[in-house]
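# Breakdown of the fold
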Amino acid sequence: MRGAARDITRTVPFWLVFAASTLGAMTNAASTPVIPVYVERVLGGGTTLSGLVIALAAAASVIAMPVAGMLGDRRGYRVVALAGGAVAALGMVLLAVVPSFLGAGIGRVLFGLGNAAAMTLVMTWLVAMAPVAQRGKALSVFGLSVWIGLALGPQIGAAVNQAIGPAAVFAVCAGLELATAALIACLPRPPRPAPSARGAPGPRRAVAVRRAFLAVRVPGAVAAAAWCGEGLMLGFLIVHLEAGGVPASGLTGAASVFAVFSVSVIGARIALASLPDRIGPVRSTAISLCALAAGLATLGLARDFWVAAAGVALTGVGFSPLYPSLTMLATGGLTAGNRALGLGMFSSFTSVGHAGGALVGGLVIAVASTTWAFVLVAGLQLGALAVVTPFGRDDAPRERHAGEAPRDPAA
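Conventions used here
Residues numbered from 1 in each chain as written. Predicted model: local features only at pLDDT ≥ 70, side-chain atom pairs only at ≥ 80, totals over all residues. Heavy atoms only, no water. Helix = DSSP H or I, 4+ residues; strand = E, 2+ residues; numbered from the N terminus. Polar contact = N/O pair within 3.5 Å; in protein donor to acceptor, adjacent residues only side chain to side chain. Patch = residues over 30% accessible without salt bridge, like charges linked within 9 Å, V, L, I, M, F, W, Y side chains within 5 Å. Areas by Shrake-Rupley, 256 points an atom, 1.4 Å probe, with all protein chains shown as cover. Salt bridge = Lys/Arg side-chain N within 4 Å of Asp/Glu carboxyl O. Buried < 20%, exposed > 50% of the residue type's maximum accessible area, 1.4 Å probe, protein only. Core = buried A, V, L, I, M, F, W, Y, C linked by side-chain atoms within 4.5 Å. Contact = heavy atoms within 4.5 Å. Phe/Tyr/Trp six-rings, centres within 6.5 Å; stacked < 30°, edge-to-face > 60°. pLDDT = per-residue confidence, 0-100. Axes fitted to C-alpha atoms, helices over the stretch in contact; angles between N-to-C directions. Parallel < 35°, antiparallel > 145°, perpendicular 65-115°, else oblique. Nonpolar A, V, L, I, M, F, W, Y, C, P; charged D, E, K, R; others polar.

Mapped onto the fold, threonine 331 is located in helix α12 (residues 305-332). At 3.1 Å, the side chain of threonine 331 forms a polar contact with the backbone oxygen of methionine 328.

Okay, structure coming up:
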């Protein structure tokens, strides 16, 4: 019987996915800030080694995301996601019980591989469950899980580290990874692709990889440009504001600007949750990129807290509908048989962009200033706008599927 599909955000499986994603983000946010303390106090290293240890997980995640997607399409989402959770937990255990440079390096690599694999499959699981006409809203609400995890994780990590020590933080994070796996085990089986789409051998598999890359390359490139802005903010915003005379701490200090950013992202995500479904993902992406460009340019010119707060608020509004919009564009060219692979590739673009923001910021600041770094990345958003605008037809999903049963767009 045809008719309106049940709201996916009001179902138990959706909130199991949401909770699993929250715990995954919380684990990363709790463990990563402790690494410098662990390297200095336990391993006797300095900031260079701390940066290397932190970067190992990010580098591993870039590799893990598409590989996990490919394996998920062939072997099933559940088995790959559970394996990822177990590998991530093992990485945390190594950090907790093997206090050495080798243990820290292997532990971070295992954590990066496992956590990224599990989170890639969790997101793909959601896309597989959500009716096409509701994917924008589902992804918008789902995205809040990451911000909740990022907000709570550092608080948990700091409290445990202060009370017991960094090894206890890693032990707690191992428990969080196991809890994530338990939630994944409770998820219902996602829709299975047709036999002809799974496990294609030899040349057909190579064709599937190529098609997945072609489907996600444009939204992925746009995501890399956008997340370059976030990477620049996280790495250099406080430095930029301190150079302008803003104190690092305090209610109107540079660090408080990130609280404004988080509030703006969450508030705009709630208010604009259905925007990609209503106006279409291309239009929604274009609006997001304009807001991002304006926000980053404002940050580049900011010399006090209030101008910076306005800049990050604009940036937060820009990021809010961007992730679901780009994910919808990426999935539009994927089939059920290569969806996880494609989304893994797409997620890798965001990781590359995040790392690129720090790299670009460091290079530009070395030869010019933080202002020019922010202005440059703001201009990059306008370049991304030129790339995504001609991407394809942009019928709003609600209009396209009104009165018919939801189906996969590539079916």
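Once that is clear, we can look at a nonpolar patch on the surface. Residues Ile148, Leu152, Ile156 and Val172 make up a contiguous nonpolar surface patch of about 270 Å² in total accessible area. Among the elements that take part in the nonpolar patch, helix α6 (residues 135-163) stands out by supplying three residues, more than any other. Within the secondary structure layout, isoleucine 148 lies in helix α6. Overall, the relative accessible area of 33% leaves isoleucine 148 in the partly exposed class.

The biggest cluster of nonpolar side chains holds 82 residues, and the ones touching the most others in it are Phe14, Phe142, Trp227, Leu237, Leu241, Leu299 and Leu326. Not counting residues within four places of it along the chain, the set of residues in contact with leucine 299 comprises Met233, Leu237, His240, Ala308, Gly311, Val312, Thr315 and Phe374. Judged by nonpolar contacts, the second largest core, of 19 residues, contains Val39, Leu43, Ala57 and Phe170.

Another aspect to go through is the packing of aromatic side chains. Tallied over the full model, the rule gives eight aromatic pairs. Taking 5.2 Å as the distance between ring centres and 85 degrees as the angle between the ring planes, the aromatic pair formed by tyrosine 38 and phenylalanine 170 counts as edge-to-face. Within this pair, whereas tyrosine 38 is found in helix α2 (residues 35-43), its partner phenylalanine 170 is found in helix α7 (residues 166-185), the two being separated by 132 residues in sequence. Judged by its relative accessible area of 3%, tyrosine 38 falls in the buried class. Here phenylalanine 170 falls in the buried class, since its relative accessible area comes to 0%. Each residue in the set Phe14, Trp15 and Phe18 is aromatic and connected to the rest through ring pairs, giving one cluster.

Our next topic: the confidence of the model for the protein. Counting all residues, the mean pLDDT for the protein is 81, and 87% of those residues have values of 70 or more. Taken element by element, the predicted model of the protein shows its lowest mean pLDDT in helix α15 (residues 397-400) (48) and its highest in α7 (94). The model gives residues 194-203 a pLDDT under 50, and that stretch makes eight contacts with residues more than four places away or in other chains. Confidence over residues 396-411 falls short of pLDDT 50; this stretch has 36 contacts with residues more than four positions distant or in other chains.

Examined against the element boundaries, tryptophan 227 turns out to sit in helix α8 (residues 202-243). Judged by relative accessible area, which is 13%, tryptophan 227 ranks as buried. Tryptophan 227 sits 128 residues away from alanine 355 along the chain, and the two C-alpha atoms are 8.5 Å apart. What tryptophan 227 contacts, discounting residues up to four positions off in sequence, is Phe319, Leu322, Tyr323, Leu326, Thr350, Gly353 and His354.

The subject of this paragraph is the packing of helix α4 (residues 77-97) against α7. Their axes nearest at 8 Å, the elements α4 and α7 cross at an angle of 170 degrees. By the angle class used here, α4 and α7 are roughly antiparallel. Side by side, α4 and α7 meet where Arg78, Ala81, Leu82, Gly85, Ala88, Ala89, Met92, Val93, Leu95 and Ala96 of the first sit next to Ala167, Phe170, Ala171, Cys173, Ala174, Glu177, Leu178, Ala181, Ile184 and Ala185 of the second. In terms of residue class, the contact of α4 with α7 is made up of 17 nonpolar, one polar and two charged.

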